[in-house]
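If you want the building blocks of each chain, they are given just below.
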Amino acid sequence: MSSRQALKVGVLGLRRGMTFATQFNTLPETRTVAVCDQDSARIEHALNTLGSDARGFSEYNEMLATDLDIVVVASGAPDHVLHCCQALESGRHVLSEVPADISLDRCRELVASVRKTGRKYMLAENCCYWGFVQEYRRQVRTGRLGDVLYAEGEYLHDVRRLYLENLDLPKDAGFRALREHPKSRRTWRADLHPINYLTHDLGPLLEILDDRCVSVCAMATASACGEGFAPAAEVALFKTAGGRVIKLLTEFSLPRPSHHWFALMGTKGSLESPRGPATKHLLYCEDENMESWSEMAWSTRLLAGPAAAWKSGHGGADWHISREFADCILHDTPSPIDVFRAMDYTVPGICAVRSIEQGGAPVPIPDLRED
Ligand SMILES: NC(=O)c1ccc[n+]([C@@H]2O[C@H](COP(=O)([O-])OP(=O)(O)OC[C@H]3O[C@@H](n4cnc5c(N)ncnc54)[C@H](O)[C@@H]3O)[C@@H](O)[C@H]2O)c1
């Protein structure tokens, strides 16, 4: 496809959004032609980095008024549905950052908008594209673990610095400095329930298990940062349609090295990903004469894909998201993580917050396919 025919991409939000602005320029069939951010310095940086004839906009509506095929929504999580629906209603295909949103009502609006417009929507859940996640999936599909009855996921990442605009505290600034900073300069992350940011771990587990969550009980710790800031950690217990239990822990403000962690326990064996200083994945299968865990050299990278993929963020996953979204438009095939799967990853976190508000009581998780 020549550059004249390339799918034209506009990107909203030029921090995380820069990843996709760059990735869509590495594909021959897509070209980033517009970028948008309220912050003029970010626009300038984006235009310099892209080194192309892309145009910069400070107003989203103005970017949407230009000739675009795809809009990437990488604004703050509470605004995702608002921005996605505006793009869908203007006839664009939408690649949305995670989570899909943090409000159930807005999630319902998104589903309705995708249904009404018939445009493609994909949730950019990059962790589903990790090589070892696909390997776990293969192990489960071949039956090596037997029936998987229980799974766990964790995402721990000290992002206190992102609680403030323009990162204007040093990385090692203490809790007191954070509290004393003007409230008006806090970002959407400062009071985001950690469990709303569960898709990086729940998404892969649901793909591995081919399942969805149907109810949740959850609890939160106090905030580590003080009044008006999010709880430090939140933990949810999900029951799935397949009868499994999944435990999910998210934590974003305690001083410790970050990690994602996954565990699966089945009737024939178990799997665990590296945690803390461990470097290898661990597999135990009862019928295979293993005395204890076997170390597995599985990689975060997906082996398929060109070298360009490996250079992209998150072990190459960001390239694969861009590639697959472009392909589903070019070949008019279903979106790889469509709006309903996006809801399967996102709505359990929204319901977990409701459970926390009700002292940990069980809360049913609606299937928005049935709306
Ligand atoms: N998948 C991943 O690995 C990953 C990594 C980081 C962030 N994210 C997600 O990406 C999204 C963005 O994250 P971030 O850290 O870049 O957030 P951020 O808040 O730091 O940046 C968002 C940017 O969008 C701009 N923006 C917001 N609303 C706008 C509007 N109406 N008009 C113009 N500009 C607007 C802001 O000025 C800001 O520069 C979030 O939803 C986050 O959850 C995903």
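Below: a short report on this structure. (Residues numbered from 1 in each chain as written. Predicted model: local features only at pLDDT ≥ 70, side-chain atom pairs only at ≥ 80, totals over all residues. Heavy atoms only, no water.)

1. Quick look at the overall build of the protein
Working step 1: From N to C terminus, the protein includes 11 helices and 15 strands.
Working step 2: Its C-alpha atoms give the protein a radius of gyration of 21 Å, within 12% of the compact-globule value 21 Å for 371 residues.
Working step 3: The C-alpha extent of the protein, read off along each of the three principal axes, is 60 × 50 × 40 Å.
Working step 4: Taking all 371 residues of the protein together, the buried fraction comes to 53%.
Working step 5: Considering only intrachain contacts with a sequence separation of at least 6, the fraction spanning at least 24 residues in the protein is 65%.
Working step 6: For the protein, the exposed surface amounts to about 16300 Å²; the carbon and sulfur share of it is 50%.
Working step 7: A distance of 2 Å separates the average location of the 41 positive side-chain charges in the protein from that of its 49 negative side-chain charges. (Helix = DSSP H or I, 4+ residues; strand = E, 2+ residues; numbered from the N terminus. Rg over C-alpha atoms; globule rule 2.2 N^0.38 Å. Buried < 20%, exposed > 50% of the residue type's maximum accessible area, 1.4 Å probe, protein only. Contact = heavy atoms within 4.5 Å. Areas by Shrake-Rupley, 256 points an atom, 1.4 Å probe, with all protein chains shown as cover. Lys, Arg positive; Asp, Glu negative; His and termini not counted. Charge placed at Lys NZ, Arg CZ, Asp CG, Glu CD.)

2. Points about the side chain of Arg186
Working step 1: Within the secondary structure, Arg186 is located in the loop between helix H7 (175-180) and helix H8 (199-209).
Working step 2: Buried charge without a partner: Arg186 forms no salt bridge, and the closest opposite charge is Asp191, 7.3 Å away.
Working step 3: What Arg186 contacts, discounting residues up to four positions off in sequence, is Tyr163, Leu164, Glu165, Arg179, Glu227, Gly228 and Phe229. (Salt bridge = Lys/Arg side-chain N within 4 Å of Asp/Glu carboxyl O.)

3. Quick notes on helix H2 (residues 40-50)
Working step 1: Of the positions making up H2, those classed as buried are Ile43, Ala46 and Leu50. The buried residues of H2 all sit within an arc of 65° when viewed along its axis, so they share a single face. Exposed side of H2, more than 90 degrees from the buried face: Ser40, Glu44 and Asn48 are the residues found there.
Working step 2: Where the residues of H2 are buried, they touch helix H1 (17-26), strand S2 (30-36) and strand S3 (55-57).
Working step 3: Note on H2: the residue one or two positions beyond its end, Gly51, has a positive phi of about 55°. (Arc of directions from axis to C-beta.)

4. A word on the nonpolar core
Working step 1: Leu110, Tyr121, Phe238, Leu264 and Met343 are the most contacted members of the largest nonpolar core, which has 113 residues in total.
Working step 2: Per-domain counts for this core show at least three residues from each of domain 1 (7-126 + 321-330) and domain 2 (128-302 + 338-370). (Core = buried A, V, L, I, M, F, W, Y, C linked by side-chain atoms within 4.5 Å. Domains from an automatic or database assignment.)

5. Describing the environment of Leu68
Working step 1: With respect to the element layout, Leu68 can be found in the loop between helix H3 (60-64) and strand S4 (70-73).
Working step 2: For Leu68, a relative accessible area of 5% gives the class buried.
Working step 3: Along the backbone, Leu68 and Arg31 are 37 residues apart, and their C-alpha atoms lie at a distance of 10.0 Å.
Working step 4: Once you skip the residues sitting within four places of it in the chain, Leu68 turns out to touch Lys8, Val9, Gly10, Val33, Ala34, Met63 and Arg92.

6. With respect to the site of the ligand
Working step 1: Close to the ligand lie 22 residues; Arg15, Asp37, Arg42, Val98 and Arg189 are nearest.
Working step 2: One of the side-chain nitrogen or oxygen atoms of Asp37 is found 2.6 Å away from an oxygen atom of the ligand.
Working step 3: With respect to the ligand, the side chain of Tyr197 contributes an N or O atom lying 3.0 Å from an oxygen atom.
Working step 4: When its residues are assigned to classes, the shell around the ligand shows seven nonpolar, nine polar and six charged.
Working step 5: When residues of the shell around the ligand are assigned to domains, at least three fall in each of domain 1 (7-126 + 321-330) and domain 2 (128-302 + 338-370). (Near = heavy atom within 4 Å. Polar contact = N/O pair within 3.5 Å; in protein donor to acceptor, adjacent residues only side chain to side chain. Nonpolar A, V, L, I, M, F, W, Y, C, P; charged D, E, K, R; others polar.)

7. As for the sheet that holds S2
Working step 1: Ordered by their spatial adjacency, six strands build an open sheet running S3-S2-S1-S4-S5-S6, and the pairing between neighbours is parallel. Edge positions in the sheet fall to S3 and strand S6 (121-123), since each of these pairs with one other strand and no more. Neighbouring strand axes in the sheet, compared pairwise and without regard to direction, differ in orientation by 25° on average.
Working step 2: Here four bridges tie S4 to strand S5 (residues 93-96), and the two strands are oriented parallel to one another. The partner of Val72 across the bridge, within S5, is Leu95.
Working step 3: Against the sheet, H1 contacts strand S1 (7-12), S2, S4 and S5, and its axis sits at roughly 150° relative to S2. (Pairing = 2+ DSSP bridges. Axes fitted to C-alpha atoms, helices over the stretch in contact; angles between N-to-C directions.)

8. A look at the sheet that holds strand S9 (residues 233-240)
Working step 1: An order of S14-S13-S12-S11-S7-S10-S9-S8-S15 is seen for the nine strands of this open sheet, with the pairing classed as mixed. At either margin of the open sheet sits one strand with a lone partner, and together these are strand S14 (294-296) and strand S15 (363-364).
Working step 2: Note: strand S8 (residues 213-220) against S9, seven bridges, orientation antiparallel. Across the sheet, Cys217 pairs through a bridge with Leu237, a residue of S9.
Working step 3: Helix H6 (residues 131-141) contacts strand S7 (148-156), strand S11 (259-266), strand S12 (269-272) and strand S13 (281-285) of the sheet and is inclined by roughly 5° relative to S11.

9. Focus on the packing of H1 against H2
Working step 1: Relative to each other, H1 and H2 sit at 20°, their axes nearing to 11 Å. Overall, the two elements H1 and H2 adopt an arrangement that is roughly parallel. Between H1 and H2 the crossing geometry is right-handed. Contacts between H1 and H2 involve Met18, Ala21, Thr22 and Asn25 from the first element and Ala46, Thr49 and Leu50 from the second.
Working step 2: A breakdown of the residues in the contact of H1 with H2 according to their chemical character gives four nonpolar, three polar and no charged. (Parallel < 35°, antiparallel > 145°, perpendicular 65-115°, else oblique. Left-handed = near helix turned anticlockwise from the far one by under 90°.)

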